Amino acid sequence: MESLELLKKYEIPVVETLVASNEKEVLRAAEKIGYPVVIKPNVSEHKSEIGVFLDVKSDEELLRCYRKLDGEVVVQKMIKGFEIFLGAKEDEFFGKYVALGCGGTLVELFEDVSFRVLPLERRDVIEMIEETKLSKVARGFRNYKLDMGSLVEIVTKFSELVEKEDVKEADVNPLIASEKGIVAVDARIIL
């Protein structure tokens, strides 16, 4: 949750997210956000390996999912769209760099990622997009929507965050691009 708050500080759009620790709080969070929702553990590890429940549409279904998870959870608005990976790391030889590509659970399988050493300029980000399949999505691929200008702005702000906050490692996976824009859904940032 702190990682998403850090993204917000740099004006990177984040999906509406609430934390809940019991059944009453989970129901209240879903009521506030509005169905359908996503419910997942509030942990920093890869949530897909622990348990994530997508497209939950009712109180009954939400409580069933909550009971399968152990401890504090995160409830978010369900967003459908194209998944993008955005990351950063510090290398002892190159310094800090940013990675951008197609995201989601298959990011490591597809290896469709472009890298640039910081600092980044807008033209660097555009080149990164062009080096990946994100460029095809931006030009219009099936029903997916990707506003290239918004993505360039988000990556530029993210690179600023990485430099100013002395980030050692970061994963924003996924950013989801839809007709409503691009929002961060999950993030892990190590300072």
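Use the structure listed above.
An account of the accompanying structure is given in this report. Small disclaimer: the values here were computed from a predicted structure and weren't measured. (Residues numbered from 1 in each chain as written. Predicted model: local features only at pLDDT ≥ 70, side-chain atom pairs only at ≥ 80, totals over all residues. Heavy atoms only, no water.)

**A closer look at the pairing of strand E7 (residues 113-117)**
The alternating pattern of E7 places Ser 114 and Arg 116 on a buried face and Val 113, Phe 115 and Val 117 on a face that is not buried. When strand E6 (residues 95-102) meets E7, the two strands line up antiparallel, connected through five bridges. By the bridge assignment, Ala 99 is partnered in E7 with Phe 115. (Buried < 20%, exposed > 50% of the residue type's maximum accessible area, 1.4 Å probe, protein only. Helix = DSSP H or I, 4+ residues; strand = E, 2+ residues; numbered from the N terminus. Pairing = 2+ DSSP bridges.)

**Section: the packing of helix H5 (residues 122-130) against helix H7 (residues 148-164)**
Contact pair H5 / H7: the axes reach a minimum separation of 9 Å and the direction vectors enclose 120°. Between H5 and H7, the crossing angle belongs to the class labelled oblique. The element H5 and its partner H7 pack so that their crossing is right-handed. Only Met 148, Leu 151, Val 152, Glu 153, Val 155 and Thr 156 of H7 make contact with H5, whose side of the interface consists of Arg 122, Val 125, Ile 126, Ile 129 and Glu 130. Partitioned by chemical class, the residues of the contact of H5 with H7 number seven nonpolar, one polar and three charged. (Axes fitted to C-alpha atoms, helices over the stretch in contact; angles between N-to-C directions. Parallel < 35°, antiparallel > 145°, perpendicular 65-115°, else oblique. Left-handed = near helix turned anticlockwise from the far one by under 90°. Contact = heavy atoms within 4.5 Å. Nonpolar A, V, L, I, M, F, W, Y, C, P; charged D, E, K, R; others polar.)

**Considerations on the nonpolar core**
Of all hydrophobic cores here, the largest spans 37 residues; its most connected members are Leu 7, Leu 151 and Phe 158. Residue contributions to this core peak at seven residues, all from H7. Excluding its chain neighbours within four sequence positions, the residues that come into contact with Leu 151 are Ile 84, Leu 100, Ile 129, Leu 134, Leu 146, Leu 175 and Ile 182. One finds Val 26, Ala 29, Ile 39 and Val 73 within the second-largest nonpolar core, a separate group that totals 14 residues. (Core = buried A, V, L, I, M, F, W, Y, C linked by side-chain atoms within 4.5 Å.)

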